[in-house]
Amino acid sequence: MPPPITGPEILKIRHLDLRLAEKQGGAEAGIAACPGTQPCGKQCGTSVAPTERPQMLLSRYFLPVLKETPADAEIVSHRLMLRAGMIKQASAGIYSWLPLGYRVLRRIEQIVHEEQQRAGHIPMLMPTLQSAELWKESGRYDAYGPEMLRVRDRHDRDMLYGPTNEELITDIFRSNVASYRALPLTLYHIQWKFRDEVRPRFGVMRGREFLMKDGYNFDLTKDAALHAYNRHLVTYLRTYERMGLQAIPMRADSGPIGGDNTHEFLVLADTGESEVFYDSAVTDIRLGERDIDYDDMNQCRSVMEEFTSLYARTDETHDEAVFAQVPEERRRSARGIEVGQIFYFGTKYSDAMGATVQGPDGKPTPVHMGSHGIGVSRLLGAIIEASHDDKGIIWPEGVTPFHVGIVNLKQGDASTDSACEGIYRQLGAEGLTALYDDRNERAGAKFATMDLIGLPWRITVGPRGLANGRVELTSRRGGESEELAPEEAIARLRDIYAVHR
Ligand code: 5CA
């Protein structure tokens, strides 16, 4: 979960808002514009997640947009992330997350946390650097090959930058859990991983350092572990749908993680690195707003079956003979972006590392395990691949870095300035985040920036509309505009975002 807001962050927000307050001559602006919803104490009466809630004046932000299209970026998501000032390459496959990119990354993490915890999975945090000892115990130290970044510390101990965490979590489990009564248990974290990919490319899509959510279930029996598998499948479907994505579970190959049961989640996109084969009817299924009881084994299994019984496989498991049974008009081959993968691997790690619990019969029993990953940083690329046009990104409401952009068409004009500031404050008071373009720029340049960074809604304020008490609310996706009174525009946004919190 994002940390609570700290002193300097509050000061920064207050600083921005006080600038507005000063301009307006009203001290209460500083309070109204702090848009959080939870009590945080005396400074402002509300608390905000430092990376998400605060309002922002564009003149005070750090948004280094690029005018030129970067020559070395091959796919549209990589080009747009660079152009929109979201990331900067630090070295091959390793990126700094600039403020706008960081906001979206945090938003995606937030959704992942919410959906994991809704299913009863418990968050924690393991380190990036791991001791090689555990990997020697599981037998994967040599098996993992050159993708693993190996380092030696000053005491000549072998360490590695974790490419995944099965060993570390199994060690934590075996050191602390002795009885079957502690089961079922699912622990997860969101942490940076390192894989020394031969060809890092496509920006955050195939990085060397990347952010992953990885979760691990521990269960007494195979049936219980398969329930954990199905439960994860359902949480993933909901997670991706909240991000505005359709990710299709496809039967896959388990690679170095091991086990026979595994599904990858693929977002269809021409630029995807995986070749996939599927029955087109699978694209008609949605989880939607169904009420799911994650403890209900039958319900989770039936959702899993509904989503995985039609043919959908990656090239590694593709079988022409089985595919031929799909009606010809529904057979599709395409490309896809893998945004997650779930595994059930039984007792592979618990046998190798002695992770047993005392069973109901009093005998030591190796636990059944699975691991479940979401490519958190890759998701930004996948969402942009799925949602953009020739002007820039179009963020789905669920992940947008700011709920709305405000464009002042005549900066410096007393009435447009004051209308913009009022709207900005009111949005904040409603818990909606706004990026207010208060720069002295031409209207065209302001629109181009807003279109590039892809906020789903824009409020445009100009002297002509204001003369009739109207501002313009524009949808980034459809491009359609409506003239509304400022309070109507705000009410409209409140309704739109009510389902995305
Ligand atoms: N231990 C298991 C599950 S926790 C595991 O490591 N699974 S994985 O290898 O499939 O990775 C999980 C997800 O991380 C992938 O589905 C993918 O979305 C993302 N991912 C993997 N490699 C990269 C990479 N080089 N760059 C960006 N994301 C990646």
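Details of the structure are given in the entry above.
**Structural notes on the overall build of the protein**
A tally of regular secondary structure across the protein gives 16 helices and 24 strands. Counting the 501 residues in the protein, one finds 55% classified as buried. Accessible surface, the protein: about 21700 Å² in total, of which carbon and sulfur atoms supply 48%.

**Examining the pattern of salt bridges**
Using the criterion set out here, one finds 24 salt bridges in the structure. Arg-174 is paired through a salt bridge with Asp-171; the nearest N and O atoms lie 2.9 Å apart. With a gap of three residues between them, Arg-174 and Asp-171 both fall in helix α7 (residues 166-176), about one helical turn apart. Judged by its relative accessible area of 25%, Arg-174 is partly exposed. Its relative accessible area of 21% is what places Asp-171 among the partly exposed residues.

**Brief notes about the sheet that holds strand β20 (residues 404-408)**
The strand order β1-β21-β20-β22-β23-β24 describes an open sheet built from six strands, whose pairing is mixed. In this open sheet, the two edge strands, each paired with only one partner strand, are β1 (56-57) and β24 (481-484). Bridge count between strand β22 (residues 457-461) and strand β23 (residues 471-475): four bridges; the pairing is antiparallel. Its bridge partner being in β23, Ile-459 is matched across the sheet by Leu-473. In the packing of helix α13 (residues 414-429) onto the sheet, contacts are made with β1, β20, β21 (434-437), β22 and β23, and the angle to β20 comes to roughly 170 degrees. Contacts from helix α14 (residues 443-453) reach β20, β21 and β22 within the one sheet, and its direction differs from that of β20 by about 170 degrees.

**Things to note about helix α3 (residues 76-83)**
The buried count for α3 comes to seven of eight residues, which makes it a mostly enclosed element. Among all positions of α3, only Val-76, Ser-77, His-78, Leu-80, Met-81, Leu-82 and Arg-83 are buried. Residue Gly-85 follows α3 closely and has a positive phi angle near 65 degrees.

**A few points about the nonpolar core**
Formed by 76 residues in total, the largest nonpolar core has its most connected members in Met-86, Ile-108, Tyr-240, Phe-265 and Val-339. Ranked by residue count, the leading element in this core is helix α8 (residues 222-242), at seven residues. For this core, the two domains that each supply at least three residues are domain 1 (7-61 + 395-498) and domain 2 (76-393).

**Quick word on the site of the ligand**
Residues in close proximity to the ligand total 22 residues, the closest being Thr-164, Glu-166, Arg-195, Gly-207 and Glu-338. Here Glu-197 contributes a side-chain N or O atom positioned 2.8 Å from a nitrogen atom of the ligand. Separating an oxygen atom of the ligand from a side-chain N or O atom of Gln-341 is a distance of 3.0 Å. For the ligand, the protein covers 96% of the area, taking 600 Å² as the surface of the free molecule. For the ligand, the cavity whose grid points lie within 2 Å of the majority of its atoms is the largest pocket. Mapped by element, the contributors of at least two residues to the shell around the ligand are β9 (209-219), β14 (331-346) and β17 (368-375). Top element by residues in the shell around the ligand is β14. It accounts for five residues. Here the shell around the ligand is composed, by residue class, of seven nonpolar, eight polar and seven charged.

Cut-off values and rules
Residues numbered from 1 in each chain as written. Predicted model: local features only at pLDDT ≥ 70, side-chain atom pairs only at ≥ 80, totals over all residues. Heavy atoms only, no water. Helix = DSSP H or I, 4+ residues; strand = E, 2+ residues; numbered from the N terminus. Buried < 20%, exposed > 50% of the residue type's maximum accessible area, 1.4 Å probe, protein only. Areas by Shrake-Rupley, 256 points an atom, 1.4 Å probe, with all protein chains shown as cover. Salt bridge = Lys/Arg side-chain N within 4 Å of Asp/Glu carboxyl O. Pairing = 2+ DSSP bridges. Contact = heavy atoms within 4.5 Å. Axes fitted to C-alpha atoms, helices over the stretch in contact; angles between N-to-C directions. Core = buried A, V, L, I, M, F, W, Y, C linked by side-chain atoms within 4.5 Å. Domains from an automatic or database assignment. Near = heavy atom within 4 Å. Polar contact = N/O pair within 3.5 Å; in protein donor to acceptor, adjacent residues only side chain to side chain. 1 Å grid on protein atoms, 1.4 Å probe; cavity = no way out; pocket = protein on both sides within 12 Å on 5 of 7 lines; lining within 4 Å. Sits in = over half its atoms within 2 Å of the grid points. Nonpolar A, V, L, I, M, F, W, Y, C, P; charged D, E, K, R; others polar.

Everything listed here is a matter of coordinates, which is why it stays silent on function.
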